[in-house]
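Commentary on secondary and tertiary structure
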Amino acid sequence: MVDYTTPVTTAFEMQRATIEQSQKALEQTVSFQQNVNEALIDSLDTQESAQRRSVELSKTAFHSYLDAVEATVPGMAGTVDELRATVDEQYDFLLENHAEVFDNVESEMLEGVEAYDEMTEDYVAAVDEQVGMLVEAHEELESQSVEVAEQFGDQLEEVQEQVEEIQSQVEEVQAQAAEAVEA
């Protein structure tokens, strides 16, 4: 007896494996994006600190310039002091705004990441549910297909037996006809 169901079963197993791999790929993609989002948020403190140091370095350089002007140009002490106070005031304002901007950016990014995580969690759950339903329907279709293949195989074997029986009868009739012709 020939097994007609093996190719059908194999095809369905391969299809299910592909569906499951696609589902895992989606979950890994979502996880990767979440990791990227977390890394971006984690890097904000480093970026803020680096930019703050850059602003402070610029302030120090400007102060060094003013020190050089004050030392080389006689009678500029009062003007340089006023200029230094104005520069300090502007840099303090800049650093204060800098910190506020980074706090706002971090807050907005955290809200965005939380919203993204919630949305993707819901999306992945919906996909999981749909894939579960698809796999169930797929298994039912496989069961029906295997049953049809078995029935086809049984019918084919019956037809083959009938053909063999008819061939045997034909051969018998031919042998009888040959004997009758000889006699």
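Residues numbered from 1 in each chain as written. Predicted model: local features only at pLDDT ≥ 70, side-chain atom pairs only at ≥ 80, totals over all residues. Heavy atoms only, no water.

**Looking at the overall build of the protein**
Where we set the bar: Helical segments are the DSSP runs of H or I of at least four residues, strand segments are the runs of E of at least two, and each set is numbered from the N terminus. Here the radius of gyration uses the C-alpha set of atoms, whereas the globule reference equals 2.2 Å times the residue count to the power 0.38. For this analysis, residues touch if any pair of their heavy atoms sits within 4.5 Å. Reported accessibility uses the Shrake-Rupley method at a 1.4 Å probe radius. Residues are deemed covered only where the shown protein chains occlude them. Counting rule for charge: Lys and Arg are taken as positive, Asp and Glu as negative, and neither His nor the chain ends is counted. Charged groups are reduced to one reference atom each: NZ for lysine, CZ for arginine, CG for aspartic acid, CD for glutamic acid.
Check the secondary structure of the protein and you find 2 helices and 0 strands. The C-alpha atoms of the protein give a radius of gyration of 42 Å, which is well past the 16 Å a tight globule of 183 residues would have. Counting only C-alpha atoms and orienting by the principal axes, one finds that the protein spans roughly 150 × 35 × 15 Å. A fraction of 88% describes how many contacts in the protein between residues 6 or more apart in sequence connect residues 24 or more apart. Of the roughly 13,400 Å² of accessible surface on the protein, a fraction of 55% belongs to carbon and sulfur atoms. Here the protein contributes 6 positively and 45 negatively charged side chains, and the mean placements of these two sets differ by 27 Å.

**Looking at the pattern of salt bridges**
Quick note on the threshold: Here, a salt bridge means any side-chain nitrogen of Lys or Arg that lies within 4 Å of a carboxyl oxygen of Asp or Glu. Each residue's exposure class comes from its accessible area (1.4 Å probe, protein chains only) as a fraction of the maximum for that residue type: buried when under 20%, exposed when over 50%, partly exposed otherwise.
This model, assessed by the stated rule, comprises 6 salt bridges. For Glu-56, the salt bridge is made with Arg-52, and the minimal N-O distance between the two is 3.7 Å. Note that Glu-56 and Arg-52 are positioned in helix 1 (residues 6-72) at a spacing of 4 residues, about one turn of the helix. Arg-84 is the salt-bridge partner of Glu-70, the closest N and O atoms lying 3.4 Å from each other. With Glu-70 in helix 1 and Arg-84 in helix 2 (residues 77-182), this pair connects stretches of sequence that are 14 residues apart. Of the residues examined, Glu-70 reaches a relative accessible area of 28% and is grouped as partly exposed. By relative accessible area, which is 15% here, Arg-84 ends up buried. When salt bridges with common partners are traced through the structure, they connect Lys-59, Asp-88 and Asp-92 into a single cluster.

**Details of the packing of aromatic side chains**
What counts here: Pairs were defined over the aromatic rings of Phe, Tyr and Trp, the Trp ring being its six-membered one, requiring ring centres within 6.5 Å. Orientation was assigned from the angle between planes: stacked under 30 degrees, edge-to-face over 60, tilted for the rest.
Applying the stated criterion across every chain yields a total of 1 aromatic pair. Between the aromatic rings of Phe-62 and Tyr-65, the centroid separation amounts to 6.2 Å while the plane-to-plane angle is 45°, which identifies the pairing as tilted. Here the residue Phe-62 and the residue Tyr-65 both occupy positions in helix 1, the gap between them amounting to 3 residues, near one helical turn. Look at Tyr-65 and you get exposed, because its relative accessible area is 52%.

**Digging into the side chain of Thr-120**
Counted only if it meets this: We define a polar contact as two N or O atoms separated by no more than 3.5 Å, with the added condition that, inside protein, one atom must be a possible hydrogen donor and the other a possible acceptor, whereas residues neighbouring each other in sequence contribute only through side-chain atom pairs.
Among the secondary structure elements, Thr-120 is positioned in helix 2. Classification of Thr-120 by relative accessible area gives buried; the value is 6%. Within the structure, the side chain of Thr-120 is placed 3.1 Å from the backbone oxygen of Asp-117, a separation counted as a polar contact. Excluding residues that lie within four positions of it along the chain, Thr-120 makes contacts with Val-30 and Gln-34.

**Digging into the UniProt feature "coiled-coil region" (unreviewed entry) in the protein**
The cut-off we apply is this: UniProt positions are given in the numbering used here, feature names are shortened, and annotations may be inferred rather than shown by experiment.
What UniProt calls "coiled-coil region" (unreviewed entry) maps, in this numbering, to residues 149-183. Strand forms 0% of residues 149-183 and helix 97%; the C-alpha atoms that close the span are 50 Å apart.

**Some points on a negative patch on the surface**
Where we set the bar: Patch membership requires over 30% relative accessible area and the absence of a salt bridge. Like charges are linked within 9 Å, and nonpolar side chains (Val, Leu, Ile, Met, Phe, Trp, Tyr) within 5 Å.
Residues Asp-3, Glu-147, Glu-150, Asp-154, Glu-158, Glu-161, Glu-164 and Glu-165 make up a contiguous surface patch of negative charge. In this fold, Asp-154 is placed in helix 2. According to the relative accessible area criterion, Asp-154 is partly exposed, its value standing at 36%.

**Some remarks on the environment of Ser-107**
Note that Ser-107 resides in helix 2. When the C-alpha atoms of Ser-107 and Ile-41 are compared, they prove to be 9.5 Å apart, with 66 residues separating the residues in sequence.

**Description of the packing of helix 1 against helix 2**
Describing two packed helices takes the angle between their axes plus the distance from one axis to the other. To be explicit about the condition: Note on geometry: axes are C-alpha line fits, over the in-contact stretch for helices, and angles between N-to-C directions span 0 to 180 degrees. Geometric relationships in this document are graded by angle, where less than 35 degrees denotes roughly parallel, more than 145 denotes roughly antiparallel, 65 to 115 denotes roughly perpendicular, and other angles denote oblique. Under the scheme applied, nonpolar residues are Ala, Val, Leu, Ile, Met, Phe, Trp, Tyr, Cys and Pro; charged residues are Asp, Glu, Lys and Arg; polar residues are all the others, including Gly.
Running from N to C, helix 1 and helix 2 cross one another at 180°; their axes reach a closest spacing of 9 Å. Overall, the two elements helix 1 and helix 2 adopt an arrangement that is roughly antiparallel. Per-class residue counts for the contact of helix 1 with helix 2 are 35 nonpolar, 14 polar and 18 charged.

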